[in-house]
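Given next are the chains, with one letter for each unit.
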Amino acid sequence: MSELTGRLSVFKTYKLYVGGKFPRSESGRVYEVTDSKGTWLANAPLASRKDARDAVVAARKAFGGWSGATAYNRGQILYRVAEMLEGRRDQFTAEVAAAEGLSKAKATAQVDAAIDRWVWYAGWSDKVAQIAGGTNPVAGPYFNVSAPEPTGVVAVLAPQESSFLGLVSVIAPAIVTGNTVVVAAAENAPLPALSLAEVLATSDLPGGVVNILSGRTEELSAPLAAHQDVNALDLAGADDELAKDLETAAADNLKRVLRPASANWTADPGTGRLLAFLETKTVWHPMGV
């Protein structure tokens, strides 16, 4: 009996995470999730195009409140998520080991790194403005100040090869700066993402800030790339051919697009993803005499 099944003989059927709730796919479809050796682990919802559109609506609805929250508050909430992940460390270790064919020791290292990464990004919440904004020298009696603002709704294709550490590495930097996200989980290893949804739902994160879909990456990514209310696209989980098609679709409403690149998710993440989905607002104000 595997660590994932425990005492229950009926395989768990997970649900989507949209708007802070756990709906079934509107299509009613599910698919079998297997481990790296082909052993059946659970059933995951096979999300549809309509599910993707519903997730965008939820993300847009949550954007105003989340982007308007103080940076300090967003950092507190991300830290709370890290605390809750720490409490379910054994579960995520088992899921990552099964999904990626890792030993328990290596899976534990991945989970610990993911928890540390949540904390790392939480610490950037009220500091990113110092590296992405500032006062500008101008020739005139004006103050000129540039400040970063979130882009909006970001569609994220989670990395296929790193089901949890890679997932955290693309979600956390997008939301800590005030964006909301719609995430297409790794197609063949969605369980860590779907379990993360259970953690987010019982944390202080407002519903709709993170929306998680499972299913076929190509099927979910097409409507997200073409959606007029999606502002940006992270193609971490797309291959080169799919990325090219999605980038073409995204051009219709001038989405920001972060192209896929080979990534070592265990390495220091740097600030690249923090800055990828920010806009710069510059304000001119006359000096007092």
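Model, not experiment: these values are computed from the prediction.

Engineer: I keep staring at the sheet that holds strand 5 (residues 153-157) and nothing clicks. Help me out?
Structural biologist: Within a beta sheet, neighbouring strands are joined by backbone hydrogen bonds and run either parallel or antiparallel to one another. With parallel pairing, five strands are arranged side by side in an open sheet as 7-6-5-8-9. On the outer flanks of this sheet lie strand 7 (210-213) and strand 9 (256-258), each paired with one strand and no other. On average, each strand axis in the sheet is tilted by 15 degrees relative to the strand beside it, whichever way the strands run. Bridge analysis of strand 5 against strand 6 (residues 180-184) gives five bridges, and the strand direction is parallel.

Engineer: Could you clarify how one ought to interpret the packing of aromatic side chains in this entry?
Structural biologist: Each aromatic ring pair is described using two quantities: the centre-to-centre distance and the angle formed by the ring planes. Applying the stated criterion to the full structure yields five aromatic pairs. Judged by centre distance (5.0 Å) and plane angle (35 degrees), the ring pair of Tyr17 and Phe22 falls under tilted. Of note, Arg60 hangs over the ring of Phe63, and the distance from its end group to the ring centre comes to 5.6 Å.

Engineer: Explain the sheet that holds strand 3 (residues 134-135) here, please?
Structural biologist: Judged by pairing direction, the sheet is antiparallel, and its three strands sit side by side in the order 3-4-10 without closing on themselves. The outermost strands of the open sheet, each flanked by one partner alone, are strand 3 and strand 10 (278-286). One ladder, built from nine bridges, connects strand 4 (residues 142-150) with strand 10; its direction is antiparallel. Note on strand 10: the bridge partner recorded for Pro148 is Thr280.

Engineer: I'm lost on unusual backbone geometry in this one. Help?
Structural biologist: Leaving glycine aside, a negative phi is the common case for residues, and trans is the common case for peptide bonds. With phi around 55 degrees, Leu254 is a residue other than glycine that occupies positive phi space. Among the structural elements, Leu254 can be located in the loop between helix 9 (240-250) and strand 9. In this structure Leu254 comes out as exposed when scored by relative accessible area, which is 75%.

Engineer: I keep staring at a negative patch on the surface and nothing clicks. Help me out?
Structural biologist: A contiguous patch of negative charge on the surface is contributed by Glu218, Asp239, Asp240, Glu241 and Asp245. The biggest single contributor to the negative patch is helix 9, with three residues. Mapped onto the elements, Glu241 comes out in helix 9.

About the thresholds
Residues numbered from 1 in each chain as written. Predicted model: local features only at pLDDT ≥ 70, side-chain atom pairs only at ≥ 80, totals over all residues. Heavy atoms only, no water. Pairing = 2+ DSSP bridges. Helix = DSSP H or I, 4+ residues; strand = E, 2+ residues; numbered from the N terminus. Axes fitted to C-alpha atoms, helices over the stretch in contact; angles between N-to-C directions. Phe/Tyr/Trp six-rings, centres within 6.5 Å; stacked < 30°, edge-to-face > 60°. Lys NZ or Arg CZ within 6 Å of the ring centre and 35° of its normal. Buried < 20%, exposed > 50% of the residue type's maximum accessible area, 1.4 Å probe, protein only. Patch = residues over 30% accessible without salt bridge, like charges linked within 9 Å, V, L, I, M, F, W, Y side chains within 5 Å. Areas by Shrake-Rupley, 256 points an atom, 1.4 Å probe, with all protein chains shown as cover. Salt bridge = Lys/Arg side-chain N within 4 Å of Asp/Glu carboxyl O. Lys, Arg positive; Asp, Glu negative; His and termini not counted. Charge placed at Lys NZ, Arg CZ, Asp CG, Glu CD.

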